[in-house]
Amino acid sequence: IAPDEIVKKGLMKGMGIIGDKFGEGKAFIPELLIAAKAMNASMEHLKVYYEKGEIQHLGTFVLGTVTGDLHDIGKNIVRMVLEGDGWKVVDLGNDVEPEKFLNALQENPGAHVGLSALLTTTMVNMEIITKKIKSEYPGTKVFIGGAPVTDEFSSAIGADGYFEDPHHLSKYLAGCL
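Residues numbered from 1 in each chain as written. Predicted model: local features only at pLDDT ≥ 70, side-chain atom pairs only at ≥ 80, totals over all residues. Heavy atoms only, no water.

**Student:** Is there a simple way to explain the packing of aromatic side chains in this structure?
**Tutor:** What characterises a pair of aromatic rings is the spacing of the ring centres plus the angle enclosed by the ring planes. What the rule picks out here adds up to 4 aromatic pairs. Ring centres 6.5 Å apart and planes at 20° place the aromatic pair Phe61 and Phe143 in the stacked group. Here Phe61, found in strand β1 (residues 60-65), pairs with Phe143, found in strand β4 (residues 142-145); they are 82 residues apart in sequence, far enough to count as distant. Exposure remark for Phe61: the relative accessible area of 0% places this residue in the buried category. Their ring planes at 70° and their centres at 5.7 Å tell us that Phe143 and Tyr172 sit as a pair that is edge-to-face. (Phe/Tyr/Trp six-rings, centres within 6.5 Å; stacked < 30°, edge-to-face > 60°. Helix = DSSP H or I, 4+ residues; strand = E, 2+ residues; numbered from the N terminus. Buried < 20%, exposed > 50% of the residue type's maximum accessible area, 1.4 Å probe, protein only.)

**Student:** Mind showing me how you'd approach the pattern of salt bridges here?
**Tutor:** As a working rule, side chains carrying opposite charge can pair if their charged atoms are close by. Tallied over the entire structure, the rule returns 8 salt bridges. Across the pair Arg79 and Asp91 runs a salt bridge, and its minimum N-O distance is 3.1 Å. Placement of Arg79 in helix α3 (residues 73-84) and of Asp91 in strand β2 (residues 88-91) is noted, with a sequence separation of 12 residues between them. For Asp91, a relative accessible area of 29% gives the class partly exposed. Lys132 is the salt-bridge partner of Glu99, the closest N and O atoms lying 3.5 Å from each other. Residue Glu99 is found in helix α4 (residues 98-107), and its partner Lys132 is found in helix α5 (residues 123-136); the two are separated by 33 residues along the sequence. Residue classification places Glu99 among the partly exposed positions, given a relative accessible area of 42%. Under the relative-accessibility criterion, Lys132 is labelled partly exposed at 33%. It is possible to trace a salt-bridge network through shared partners that takes in Lys75, Arg79, Glu83 and Asp91. (Salt bridge = Lys/Arg side-chain N within 4 Å of Asp/Glu carboxyl O.)

**Student:** What's the story with helix α7 (residues 166-175) in this structure? I'm lost.
**Tutor:** Helical periodicity: at 3.6 residues per turn, an α-helix aligns residues three or four positions apart in one direction. For α7, the set of buried residues is Pro166, His167, Leu169, Ser170 and Leu173. Buried positions in α7, seen along its axis, are confined to an arc of 155° and lie on one side of it. Tucked into the core, α7 has its buried residues touching α1 (3-23), α2 (29-52), β1, α3, β3 (112-116) and β4. (Arc of directions from axis to C-beta. Contact = heavy atoms within 4.5 Å.)

**Student:** Honestly, the nonpolar core in this entry has me stumped. Any pointers?
**Tutor:** Side chains of a nonpolar character, in soluble globular proteins, are inclined to be buried together. Ranked by size, the top nonpolar core spans 24 residues in total, and within it Val62, Phe101, Val113, Leu115, Met126, Ile133 and Ile144 carry the most contacts. Contributing elements (two or more residues each) for this core: α4, β3, α5, β4 and α6 (151-157). Once you skip the residues sitting within four places of it in the chain, Val62 turns out to touch Val90, Leu92, Phe101, Ala104, Ala111, His112, Val113 and Gly114. Counting residues in hydrophobic clusters, the runner-up holds 16 residues, among them Val7, Leu11, Ala36 and Met80. (Core = buried A, V, L, I, M, F, W, Y, C linked by side-chain atoms within 4.5 Å.)

**Student:** What's the story with the packing of α1 against α2 in this structure? I'm lost.
**Tutor:** The description of two packed helices rests on the angle between their axes and on the distance between the axes. Close contact between α1 and α2 brings their axes to 10 Å; oriented N to C, the two are set at 165°. Considering their axes alone, α1 and α2 lie roughly antiparallel with respect to each other. Like other packed secondary-structure pairs, α1 and α2 cross with a definite hand, here left-handed. For the pair α1 and α2, the contacting residues are Pro3, Ile6, Val7, Leu11, Met12, Met15, Ile18 and Phe22 in the first and Ile29, Glu31, Leu32, Ala35, Ala36, Met39, Ser42, Met43, Leu46, Tyr49 and Tyr50 in the second. (Axes fitted to C-alpha atoms, helices over the stretch in contact; angles between N-to-C directions. Parallel < 35°, antiparallel > 145°, perpendicular 65-115°, else oblique. Left-handed = near helix turned anticlockwise from the far one by under 90°.)

Right, dumping it as C-alpha cells:
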C-alpha cells in the first residue's frame, strides 16, 4: 500500500471518525489521546516517506503555549491531531515569547500559528503575540485555543479563529487548502 494511501484512507479517516465522535460528545479526551498516540506511532514509521518527498505535508503550523503559561496538555493534543492529519507542526513548547513565534515564521514562510493558554492571566499574551505576528507577517492566520478562550475573545484580539477542539481546527485548515 502506498504511504499516502495509508495516511489519507486509513489514518486520517480514523482520526476523522474519532474527531467527529469527540465533537458529538460520544468520545472523550482519553479516546482522542489514544487515537492520537496511535496516529503518531504510525506517522513515526511513515516519517521516512515525508523526508523522501513521497508524501507531502498539507502545510506548516507553528504552535506554542503563550508567555507565562506552562500548561501544554491541550497544545499537545492539537499537535498530535494536526500531525496525524498530515500537517507539519513546529511545536515551540510552553512559556513561548513573541520573538520565538516570529523566528519560527521567518523559518517557515506561509505557516499558520496556534496559540494556547489555560490561565486567564496569560490570555493577554495571546493579544500581544497576535498583534506582533499580524504586524510583521500580515497574511499569517493566527488561531487561539484553551479552556478560558472564546470566539468573542478571538475576535477582540484580532485572531483569525477559535475552535473548541483540535479536529474542528484541522477540518477548517484542510478547507483552506
